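Residue-level listing of the chains:
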Amino acid sequence: MKLPVDGVQAFVLIAELGSYRRAAENLGLTQTALTRRIQKLEGFLGAVLLDRTTRTLHLSPVGREFLPLAARLISDFTHGVERLRTTSRLGIGDVTVATVQSIAFRRIPAVLQAYAREHPQNRVQILERSGALVTESVRKGEADFGIHIQQEADPDLIEDRLVRDPFVLICHSSHPLAGQRELRWTDLSGVDLVTLGGASGNRARVEAQLAAADLPPRGRFVVESTPTALALVAAGIGAAILPAALKGASPRDDLVEILLTEPVIHRTISLVRRRNTSLTPAASMFYQALKSELSTGFDELRTQADPSRAAISR
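Residues numbered from 1 in each chain as written. Predicted model: local features only at pLDDT ≥ 70, side-chain atom pairs only at ≥ 80, totals over all residues. Heavy atoms only, no water.

Q: Could you give an account of the pattern of salt bridges, with specific residues and numbers?
A: Inspection of every chain in the model, using the stated rule, returns twelve salt bridges. We note a salt bridge from Arg21 to Glu25, for which the minimum N-O separation is 3.3 Å. With a gap of four residues between them, Arg21 and Glu25 both fall in helix α2 (residues 20-27), about one helical turn apart. Judged by relative accessible area, Arg21 falls into the partly exposed class, the value being 44%. (Salt bridge = Lys/Arg side-chain N within 4 Å of Asp/Glu carboxyl O. Helix = DSSP H or I, 4+ residues; strand = E, 2+ residues; numbered from the N terminus. Buried < 20%, exposed > 50% of the residue type's maximum accessible area, 1.4 Å probe, protein only.)

Q: Would you mind going over the nonpolar core in detail, with residue names and values included?
A: Counting residues in each nonpolar core, the largest one holds 27 residues, and the members touching the most others are Val95, Phe145, Ile147, Phe286 and Leu290. When residues of this core are assigned to their parent elements, the largest contribution, six residues, is made by helix α10 (residues 281-295). If we ignore the near neighbours within four places in the chain, the residues touching Phe286 are Val95, Val97, Val111, Leu112, Tyr115, Val124 and Phe145. (Core = buried A, V, L, I, M, F, W, Y, C linked by side-chain atoms within 4.5 Å. Contact = heavy atoms within 4.5 Å.)

Q: Would you mind going over unusual backbone geometry in detail, with residue names and values included?
A: Of the consecutive residues Glu262 and Pro263, the connecting peptide bond is found in the cis state with omega at 5°. Among the structural elements, Pro263 can be located in the loop between β11 (255-261) and β12 (266-274). Even without being glycine, Asp214 reaches a positive phi, approximately 60°. Tracing the backbone through its elements, the reader meets Asp214 in the loop between α8 (203-212) and β9 (221-223). The phi angle at Glu262 is positive, at roughly 55°, despite the residue not being glycine. If you trace the backbone, Glu262 turns up in the loop between β11 and β12.

Q: Would you mind going over a nonpolar patch on the surface in detail, with residue names and values included?
A: On the surface, a cluster of nonpolar side chains totalling about 500 Å² of accessible area is made up of Leu3, Val5, Phe44, Leu45, Leu73, Phe77 and Val81. Counting residues per element, the nonpolar patch draws most heavily on helix α4 (residues 61-90), at three residues. Along the chain, the position of Phe44 falls in helix α3 (residues 31-45). (Patch = residues over 30% accessible without salt bridge, like charges linked within 9 Å, V, L, I, M, F, W, Y side chains within 5 Å. Areas by Shrake-Rupley, 256 points an atom, 1.4 Å probe, with all protein chains shown as cover.)

Q: Tell me about the pairing of strand β6 (residues 157-172), residues and numbers included.
A: Of all 16 residues making up β6, twelve are buried, and the element is well covered by its neighbours. In this structure, β6 lies alongside β12, joined through nine bridges in antiparallel fashion. Along β12, the bridge assignment pairs Asp165 with Arg267. Strand direction decides the pairing type here: β6 and strand β10 (residues 239-243), joined by four bridges, are antiparallel. Bridged to Leu169 within β10 is Ile241. (Pairing = 2+ DSSP bridges.)

Q: Explain the environment of Leu69 to me, using residue names and the numbers behind them.
A: One can find Leu69 in helix α4. Residues Leu69 and Val12, spaced 57 residues apart in sequence, show a C-alpha to C-alpha distance of 9.8 Å.

Q: Break down the packing of aromatic side chains for me, with residues and values.
A: Following the criterion strictly, the structure yields four aromatic pairs and no others. Centroid distance Phe145 to Phe286: 6.3 Å. Interplanar angle 55°. Geometry classified as tilted. On the criterion of sequence distance, the pair formed by Phe145 in strand β5 (residues 145-149) and Phe286 in helix α10 is long-range, its members being 141 residues apart. Neither Phe145 nor Phe286 differs from the other in exposure class; each is buried. Here the aromatic residues Tyr115, Phe145, Phe286 and Tyr287 are joined through ring pairs into a cluster of three or more. (Phe/Tyr/Trp six-rings, centres within 6.5 Å; stacked < 30°, edge-to-face > 60°.)

Spelled out as structure tokens, the structure:
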């Protein structure tokens, strides 16, 4: 038999008010319903808690002993429920997000800045992973949700598409190609390229496109991460093939993005979470903030990726 919490609440209120009638009115019950609650509690405890006649009401010896415990139980329960309601309403709590590094480096900071300002009490942990490991982190529950390159449909996961990024050539403003508005893949012949290797989710598509253009599938410089690629570009060592930035997310003003065409290829960035598993209020608010902020660039990038229009440059 489970502890009848409503009976404990009724008992404490009767003891405080000294009246069945006033306790019943306070709880919005009939006196008969209130009596049933007390009887159920007494049956659970196997003892009488209240001695009642037509004129008097007082605690039994067991009732006097039980009252302090019952009062603490109801107080802790009430305060605990109120804390949960406050947590849910305000979105208080910790959030863990798994993400591909290029998103962590170039796009999350702006969203995180606004989120931290609105939720200063929350802690956010960013797990930087390759695309496949983002999915695995979400599947294992290591992260509340993830941001990754869209993959094949998975029955255990839900994906929300955010944005399609066209691939661009990123070079220093002093690079010979910096004045170009767009380039064909075949125009990259003879260019010292920086490409991503390792477990990058973009690697296969870029290498396949370079091979299709009769170019070496791997650049002269192969690195593991977007920040390293951009550091080489900033130093003038080479030009990197990376997904486009969004809304001025390029980390330096002296870097230029040139759209790669014939063909324009994209990567699709998605939010991913476990199916049939609710996000915490804190995680849900960060999820919605990312979804709202990052998905706004979809139409902009689609327009910029049209080969008939000007390429991205900053």
